[in-house]
Amino acid sequence: GQPATSMVFVISGELIYLEGVEATPTTKVKKNGNVCEVALWLEWVHQGTIMAGSLCELELLDAGAFCRILMENRDTLPMCQYYARELAEFVASRLEGSLEH
């Protein structure tokens, strides 16, 4: 997969997430939903494919810009580091579970 560099917010429309190599539709992401949050917190490679299920308007939050802003706001940094560690553990447990099937 490709490196993930942004979190994606769905402003309008619908995205369809196709998981893995088999590319079976697994999730619909609708208005006010988001995908790729993990790109903000971890070095990540996309695990599937996203395609538009309808005409969409999207907003991207660049991971690099997000990190620079976090570094400028030292008061919130420890809380964000804690969240990133918890997310990394959650993602690792999900990946281990998918490898066992």
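Preceding block: the structure.
What comes next concerns the included structure. (Residues numbered from 1 in each chain as written. Predicted model: local features only at pLDDT ≥ 70, side-chain atom pairs only at ≥ 80, totals over all residues. Heavy atoms only, no water.)

### Thoughts on the packing of aromatic side chains
Now for step 1: With the rule as written, the count across this model stands at 2 aromatic pairs.
Now for step 2: A ring pair is formed by Trp41 and Phe66, whose centres lie 5.2 Å apart and whose planes are at 80°; its orientation type is edge-to-face. In this pair, Trp41 sits in helix α1 (residues 38–41) while Phe66 sits in helix α2 (residues 63–72), placing the two residues 25 residues apart along the sequence. Here Trp41 matches Phe66 in class, with each residue buried.
Now for step 3: Both rings, one in Trp41 and one in Tyr83, keep their centres 5.0 Å apart while their planes meet at 65°; by these two values the pair is edge-to-face. Pair noted here: Trp41 is in helix α1 and Tyr83 is in helix α3 (residues 77–100), with a separation of 42 residues, a long-range link. (Phe/Tyr/Trp six-rings, centres within 6.5 Å; stacked < 30°, edge-to-face > 60°. Helix = DSSP H or I, 4+ residues; strand = E, 2+ residues; numbered from the N terminus. Buried < 20%, exposed > 50% of the residue type's maximum accessible area, 1.4 Å probe, protein only.)

### A look at the nonpolar core
Now for step 1: The biggest cluster of nonpolar side chains holds 12 residues, and these are Met7, Val38, Leu40, Trp41, Ala63, Phe66, Leu70, Leu77, Cys80, Ala84, Leu87 and Val91.
Now for step 2: Mapped by element, the contributors of at least two residues to this core are α1, α2 and α3.
Now for step 3: Ranked by the residues each element gives to this core, the list is headed by α3, at 5 residues.
Now for step 4: Once residues within four sequence positions are removed from consideration, Met7 is found in contact with Asn34, Val35, Cys36, Glu37, Leu40, Glu59, Leu60 and Leu61.
Now for step 5: Counting residues in each nonpolar core, the second largest holds 5 residues, with Val8, Val10, Val29 and Val35 among its members. (Core = buried A, V, L, I, M, F, W, Y, C linked by side-chain atoms within 4.5 Å. Contact = heavy atoms within 4.5 Å.)

### As for the sheet that holds strand β1 (residues 6–12)
Strand pairing in a sheet relies on backbone hydrogen bonds, with the paired strands running either antiparallel or parallel.
Now for step 1: Ordered in space as β4-β1-β6, the 3 strands form an open sheet in which the pairing is antiparallel. Of all strands in the sheet, those with a lone pairing partner are β4 (34–35) and β6 (57–62), marking the two edges.
Now for step 2: Note that β1 and β6 share 6 bridges and pair antiparallel. Its bridge partner lying in β6, Phe9 is registered against Glu59.
Now for step 3: Packed on one face of the sheet, α2 meets β1 and β6 and runs near 50° to β6. (Pairing = 2+ DSSP bridges. Axes fitted to C-alpha atoms, helices over the stretch in contact; angles between N-to-C directions.)

### As for the pattern of salt bridges
Now for step 1: All chains considered together, the criterion is met by 1 salt bridge.
Now for step 2: Between Glu14 and Lys30 there is a salt bridge, with its nearest N and O atoms 3.8 Å apart. Note that Glu14 is positioned in strand β2 (residues 14–19) and Lys30 in strand β3 (residues 24–30), a separation of 16 residues in sequence. (Salt bridge = Lys/Arg side-chain N within 4 Å of Asp/Glu carboxyl O.)

### Concerning unusual backbone geometry
Now for step 1: Its identity is not glycine, yet Asn32 carries a phi of approximately 75°, on the positive side.
Now for step 2: Mapped onto the elements, Asn32 comes out in the loop between β3 and β4.

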